[in-house]
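Structural characterization, general
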Amino acid sequence: MGFIKGWKGILTGRKESPQASAPGRELWEEILASVPPRFIPLVCCEGSAEFQNDRVFLSDGTISLQQMEGGKAEYNPGAFLPRTPWRKLTDWESKRLWQDSGITNVDFVGVASIPNELLAALRKIVSDTDDKDALRQLEPRRIREFIGPLIDYLRDRFAYKSEPFNHGIHVHRPGRETVTLNTASGKYLGLHLDSWDRYPVEARARSLNRICVNIGAEPRHLLFLNLSLMNIARLLAEGSQESPDRASESVGPAFMSRFPGYPIVKVRIAPGEAYLAPTDNVIHDASTVGSQSPSITLTLRGWFTVPEVQARSAR
């Protein structure tokens, strides 16, 4: 077994960590090697081979706050967070995670640059508003007055023919491992699943995806587990003597509990960039660790695809 693991390390470029025996490590390599891919791919919407080189990192798996001594009072009990330290991708992981061709569904995570002139009006609102909390109170209808050209651009570029749902401006504190709050408890959720469309597990792929534009002054990061909810459910069912709980909210925590060594992907989103992600179909959150100023974003939901991605030069 040690001999086989040694050769696997040579082929994948992966060095064993002190936590290498954690369930999920070998599953990660198996998923990445799957043909056709069983994972949610990364797509560089700009088509540049160098675009993603230093923007993606992998965690050392996940950890439940119930497992941490003392926990974190600001989080919901049992919340899951990425386990640090973060590491860079190996060449093999990079070649597998990034997809070159265009895709016409929403099961991908994309990174796109937004032209400066389309963000100028939004940035003026931000710079003119001293109380950042007041930005949250801006009605989507008023925001629409400033982002009409931006919505038209996104709709044309990402093949969404109808008016997207405008979720307005969000402001998050700097230096946060994760940023999403449970509105009922006032505590942070940790890695979680959105349920805007409220589809069951089997139909989650039909959910709309999200475009989240960074209109702040500093980078922020998208965190996600690169498996669709249905694929997670299938993995949990494999080799299980009992029928796993198929409730949408239960599938992610069950997977992270069973496979704590499976890494979380972290993608840096610079000011003036946006991520596209199926947040109703992937476990995710955002992070503002490393920033000093509030994180400010604009969020839209629709059926955004990338039908034409320029071919990237061979690595």
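All figures in this text were calculated on a predicted structure; none of them were measured in a lab.

**Overview of the overall build of the chain**
- Within the chain, the secondary structure is distributed over 8 helices and 13 strands.
- Counting over 315 residues, the chain shows a buried share of 51%.
- A separation of at least 24 residues holds for 83% of the contacts in the chain among residues at least 6 apart in sequence.
- Entry remark: accessible area of the chain is about 15100 Å², with carbon and sulfur atoms responsible for 52%.

**A short note on the sheet that holds strand S7 (residues 165-172)**
- One open sheet accounts for 6 strands, arranged S1-S6-S11-S8-S13-S7; its pairing is mixed. Each having just a single partner strand, strand S1 (42-44) and S7 make up the two edges of the open sheet. Averaged over all pairs of adjacent strands, the angle between strand axes in this sheet comes to 20°, irrespective of strand direction.
- Both strand S8 (residues 209-214) and strand S11 (residues 273-277) contribute to a ladder of 4 bridges, which runs antiparallel.

**With respect to helix H7 (residues 229-237)**
- Within H7, 7 of the 9 residues are buried, which leaves the element mostly enclosed by the surrounding structure.
- Within the sequence span of H7, burial applies to Leu229, Met230, Asn231, Ile232, Ala233, Leu235 and Leu236.
- Considering only its buried residues, H7 is in contact with helix H2 (25-33) and helix H8 (248-258).

**Some details on the environment of Asn182**
- Here Asn182 lies in the loop between S7 and S8.
- Accessibility expressed as a relative area gives 22% for Asn182, which makes it partly exposed.
- When near neighbours in sequence (up to four residues on either side) are disregarded, Asn182 contacts Asn76, Lys187 and Leu189.
- A polar contact of 3.2 Å, which involves the side chain of Asn182, links it to the backbone nitrogen of Ser185.

**Re the pattern of salt bridges**
- According to the stated counting rule, one finds 14 salt bridges in the structure shown.
- Via salt bridges that share partners, Arg144, Asp152, Arg155 and Glu163 belong to a single interconnected network.

**Considerations on the packing of helix H4 (residues 116-128) against helix H6 (residues 140-157)**
- One can describe the packing of H4 onto H6 by two numbers: an axis separation of 8 Å at closest approach and a directional angle of 155°. Judged by the inter-axis angle, H4 sits roughly antiparallel to H6. For the crossing formed where H4 meets H6, the hand is left-handed. From H4, Leu118, Leu119, Ala121, Leu122 and Ile125 reach across to H6, where they touch Ile143, Phe146, Ile147, Pro149, Leu150 and Tyr153.
- Here the residues of the contact of H4 with H6 are counted per class, giving 11 nonpolar, no polar and no charged.

**Concerning H6**
- In a regular helix each residue adds 1.5 Å, so 18 residues correspond to 26 Å; H6 covers only 22 Å between its end C-alpha atoms and thus falls short of that length.
- Where H6 bends most, the angle comes to about 75°, and this point is Ile147, followed within four residues by the proline Pro149.
- Ile143, Ile147, Gly148, Leu150, Ile151, Leu154 and Arg155 are the residues of H6 that are buried.
- Looking at the buried residues of H6, the elements they touch are H4, S7, S8 and strand S13 (295-302).
- Trailing H6 by a residue or two, Ala159 shows a phi angle of about 65°, which is positive.

**Some thoughts on the nonpolar core**
- Grouped together as the largest cluster of nonpolar side chains are 44 residues, with contacts concentrated most on Leu42, Leu225, Leu227, Phe255 and Tyr262.
- Here the element with the most residues in this core is H7; it accounts for 6 residues.
- With 32 residues, the next largest nonpolar core counts Leu118, Ile147, Val171 and Val213 among its residues.

**A look at the pairing of strand S6 (residues 109-113)**
- Within S6, 4 of the 5 residues are buried, leaving the element largely enclosed by the surrounding structure.
- Bridge count for S1 against S6 is 3 bridges, and the pairing is parallel. Bridging across to S6, Leu42 finds its partner in Val109.
- The sheet contact formed by S6 and S11 spans 4 bridges and is antiparallel. What sits directly across from Gly110, in S11, is Leu276.

**What to know about the sheet that holds strand S10 (residues 265-269)**
- In space, the 5 strands of this open sheet follow the order S5-S2-S10-S9-S12, with antiparallel pairing throughout. Two strands bound the open sheet, and with one partner strand each, they are strand S5 (87-88) and strand S12 (284-287).
- Examined bridge by bridge, strand S2 (residues 56-58) and S10 share 3 bridges and lie antiparallel to one another. Of the residues in S10, the one forming a bridge with Leu58 is Val265.

Here is what the cut-offs are and how they apply
- Residues numbered from 1 in each chain as written.
- Predicted model: local features only at pLDDT ≥ 70, side-chain atom pairs only at ≥ 80, totals over all residues.
- Heavy atoms only, no water.
- Helix = DSSP H or I, 4+ residues; strand = E, 2+ residues; numbered from the N terminus.
- Buried < 20%, exposed > 50% of the residue type's maximum accessible area, 1.4 Å probe, protein only.
- Contact = heavy atoms within 4.5 Å.
- Areas by Shrake-Rupley, 256 points an atom, 1.4 Å probe, with all protein chains shown as cover.
- Pairing = 2+ DSSP bridges.
- Axes fitted to C-alpha atoms, helices over the stretch in contact; angles between N-to-C directions.
- Polar contact = N/O pair within 3.5 Å; in protein donor to acceptor, adjacent residues only side chain to side chain.
- Salt bridge = Lys/Arg side-chain N within 4 Å of Asp/Glu carboxyl O.
- Parallel < 35°, antiparallel > 145°, perpendicular 65-115°, else oblique.
- Left-handed = near helix turned anticlockwise from the far one by under 90°.
- Nonpolar A, V, L, I, M, F, W, Y, C, P; charged D, E, K, R; others polar.
- Expected span 1.5 Å × (residues − 1).
- Bend = angle between axes of the 7 residues up to and from the residue.
- Core = buried A, V, L, I, M, F, W, Y, C linked by side-chain atoms within 4.5 Å.

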